[in-house]
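# Reading the structure
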Amino acid sequence: MDKKKQVILSLRNISHSFIVKNEVKAAVSDVSLDVYDNEFLVVLGPGHSGKTVLMNVIAGIEKLVEGKIYLRGEEIHGSNRSIGMVFQSLNLMPWRTVMQNVEFGLELAGLDKKQRRLIAQKHIDLVRLSGFESAYPHELSGGMKQRVGIARAYANNPEILIMDEPFGALDAQTRYAMEEEVLRIWKEEKRTVIFVTNNIEEAVYLADRIVLLSNCPARVKHIYDLSSLGRPRNMMDPEFLRIRTEISQNTDLAL
Amino acid sequence: MSGEHKVKVENLTKYFDDLHVLDDVSFNIRKGEFLCVVGPTGCGKTTFLNLLTRIYMPTRGQLYIDGEPADPKKHNLSVVFQEPSAMPWLTVDKNLRFGMEIKNLPKEEIERRIENMIGLLGLEQFRERYPHQLSASTAQRIIIGRAFAMQPDLLLMDEPYGQMDIKLRFYLEDEVIRLWKEMGTTVVFITHNIEEAVYLAERILILTNKPARIREEVTVDLPRPRDVSDPEFIKIRNHVTEQIKWW
C-alpha cells in the first residue's frame, strides 16, 4: 500500500435495526470498512437497502447501537464537525436565500458576519452559483438547488463529506452535468468523499472504489477498485461498460 | 404508405404567450410502432406530450388518429407519468380495472384482459395489495399494465423509469418490450436517457432546444434483446448523444 492511502475513517461491525410494528427489522448488518484519505468512495446499493441508515449512523444522525467508528484512529460517538453531509432531498431552508443557506453551518459555529460572508461566497463561487446569492430555493432549478447543498456542506470544511444520493431526483442529463461538477469540485477542494447511489453507471463514473451493498439489511457484498480506469471516464468506453455489467450482475434486483 | 399510419402530427406549434415552446413539428407514427422521443433537458418534451394527449391544445397544427382529428371522447389515449399514479384507495386488481370500467367495457372482456395482464406481469401475489404496500417500481408496473390493458390507440409514456437504477431499468425495459410485442400497441416513449431510447425504440425522434423542432429521426434496426455494449448500439448512442449534448 502506498503512503497516500492513509485510513481516515474505519467502521467496525456496524449493525442497525428498527422496530417496525413490534418486529425487529435489520437495516444494516455487520458492516466493516476502511475509508482512505482523499479518496472518492462510492457506496452502491439497491433501493431501500439500508444505505441511508448506514450514512446516518456515520454522520451521527442515527444513534450508533452496535459496532465502532474510528476517525483517524480515535473512536467517535454521535455527530462530529469533521463529517459533513449533502442530503438526498434538498433540505434547503426555503425562507433563506442561497447565501443564507450556505452560511447556516457557519452561523451555528459562531462565526461573525464578515467571516461567514467570505467563506460562503468562496463556496458559492466554487459551485458556480455566483450571481444567485440572493435567490431563494424556489427560484432555482433542481441541479442548482443541489449545488447549494454541496456549497453548504463544503463551507463547513469537513474532512469527510457524505453525499447521500444527491442526484437521485435529477433527470439523466442534468445528472451527467452534476457528476462532472462534483468531480471538478473534488479535484479543486480535495476531501474524502463518501458518495451514496443506487445508480451503477454513476458509481463507475465517479468512484476510486465502489463498496457494493446487498439488499436490506445492508452487508458489504464486494469492493471494486477502479483506480485502473483512469479519468476522465467515458460512459460508452467498452471497459466502462464491462465493469458496469459485471457490477450489475453482482447486484441484487430490487423489484 | 399513409394507410399504415396510426398517428399523423402536422405542423404542431405551441406558444404560451410570448414563449415559443414547439415549432412546426410534423411526423407520423406507424400502427404498432415503438417511438422514442429524446431532447435536451428543458426542450419542451412535456409540452409536446401534453399536446399529444390533448391536455393542451396547440397554437397551430393538428393531430390525427386513424385519419381523424384526435378527440379524447372518441379515441383512446393512455398516459403513464413519471410519478406513480395508482389510485391509493384501490387494490392492484381494482386499479387495473379502473379505466376499463370507466369506458364501460363488457364485464367478461374486462376479466379476460385483467387475467391476461396480471399473468404477463407475474403479479398474482399482489392482486389484493394497495399501492402503498408496493415498491415504487411495482406500483409503476401496475400503471403500465393498466395502460396496456386499455388497448389504447396511442400509449404515451413520460419517462416512466426516471429514477430507477440500471438493473431495475433493464428488467422493466424488457418487460415493456414484452407487453408491447404481446399487445401490438402504438407507443410514444419520452426519455432523457439516451441509452434507454436506443434500447427500446424502433425509431428515435431527436428534438432541438426550445422552441423544439425535430432535429433528426434515427431508425434503430438492431435485433432484440439488444446488447448495450454492442459496437453498433454504442455507435447509435454516441450519435444521438452528440445531437443533444449540453452538459
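Residue numbering note: each chain is counted from 1, following its sequence as written. To label them, take the chains in the order written and letter them from A, then take the ligands in the order written and number them from 1. Only residues with pLDDT of 70 or above have their local features reported here, since the model is predicted, and side-chain atom pairs are shown and tallied only from 80 upward, although totals for entire chains, interfaces and linings are computed over all residues.

### Some remarks on the overall build of chain A
Along the backbone of chain A there are seven helices and ten strands. Summarising its shape, the C-alpha atoms of chain A cover approximately 50 × 45 × 45 Å along the three principal directions. Look at the contacts in chain A between residues 6 or more apart in sequence, and 71% of them connect residues 24 or more apart. Put simply, DSSP marks the helices as runs of H or I at least four residues long and the strands as runs of E at least two long, and each gets a number from the N terminus on. In this description, any two residues whose backbone-derived C-beta atoms lie within 7 Å of each other are considered to be in contact.

### A word on the sheet that holds strand E5 (residues 68–69) of chain B
All names here are of chain B. Within the open sheet, the four strands sit side by side as E2-E1-E4-E5. Their pairing is antiparallel. In this open sheet, the two strands that pair with only one neighbour each are strand E2 (19–30) and E5. Strand pairing is assigned whenever DSSP detects at least two bridges linking the two strands. In this sheet, strand E4 (residues 60–65) lies alongside strand E1 (residues 5–16) in antiparallel orientation, the contact comprising five bridges. Bridge pairing in E4 places Val7 opposite Ile65. Axis definition: a line fitted to C-alpha atoms, limited for helices to the stretch in contact. Angles are taken between N-to-C directions and run from 0 to 180 degrees. Lying over the sheet, helix H1 (residues 45–52) contacts E1, E2 and E4, oriented at roughly 55 degrees with respect to E2.

### A closer look at the interface of chain A and chain B
Listed per partner, the contact involves 23 residues of chain A and 20 residues of chain B. When contributions to the side of chain A that touches chain B are tallied by element, the ones reaching two or more residues are helix H5 (172–188), helix H6 (200–206) and helix H7 (238–249) of chain A. No other element matches H5 of chain A, which puts six residues into the side of chain A that touches chain B. Residues are grouped as follows: nonpolar covers Ala, Val, Leu, Ile, Met, Phe, Trp, Tyr, Cys and Pro; charged covers Asp, Glu, Lys and Arg; every other residue, Gly included, is treated as polar. A breakdown of the residues in the side of chain A that touches chain B according to their chemical character gives twelve nonpolar, eight polar and three charged.

### Here's the deal with the environment of Thr46 of chain B
Relative to the elements of secondary structure, Thr46 of chain B occurs in helix H1. C-alpha separation for the pair Thr46 of chain B and Arg213 of chain B, spaced 167 residues apart in sequence, amounts to 14 Å.

### As for the domain arrangement of chain B
Size of an interface, as often reported, equals the accessible area lost when the parts are brought together. Residue and element names in this part refer to chain B. For chain B, the domain assignment lists domain 1 (1–76 + 153–247) and domain 2 (82–151). Domain delimitation follows an automatic or database domain assignment. One C-alpha centre belongs to domain 1, the other to domain 2; they are set 24 Å apart. Contact with domain 1, which involves 15 residues of that partner, is made by ten residues of domain 2. Of all the secondary-structure elements, those providing two or more residues to the side of domain 1 that touches domain 2 are strand E7 (154–158) and helix H5 (166–183). It is H5 that provides the largest number of residues to the side of domain 1 that touches domain 2, a total of seven residues. Grouping the amino acids of the side of domain 1 that touches domain 2 by side-chain chemistry returns eight nonpolar, three polar and four charged.

### Re unusual backbone geometry
In this model, Cys216 of chain A is joined to Pro217 of chain A through a cis peptide bond whose omega is -5 degrees. On the secondary structure map, Pro217 of chain A appears in the loop between strand E9 (209–213) and strand E10 (220–225). Cis geometry marks the peptide bond from Lys210 of chain B to Pro211 of chain B; its omega dihedral reads -5 degrees. Mapped onto the elements, Pro211 of chain B comes out in the loop between strand E9 (203–207) and strand E10 (214–219). Not every positive phi belongs to a glycine, and Asp30 of chain A is a case in point at roughly 55 degrees. Looking at where Asp30 of chain A falls in the secondary structure, it is placed in strand E2 (residues 23–36).

### Let's talk about the domain arrangement of chain A
Residue and element names in this part refer to chain A. Structurally, chain A comprises domain 1 (1–82 + 159–255) and domain 2 (92–157). If you average the C-alpha positions of domain 1 and of domain 2, the two centres end up 25 Å apart. Counting from both sides, the interface comprises eleven residues of domain 1 and, opposite them, nine residues of domain 2. For the side of domain 1 that touches domain 2, the leading source of residues is H5, giving five residues.

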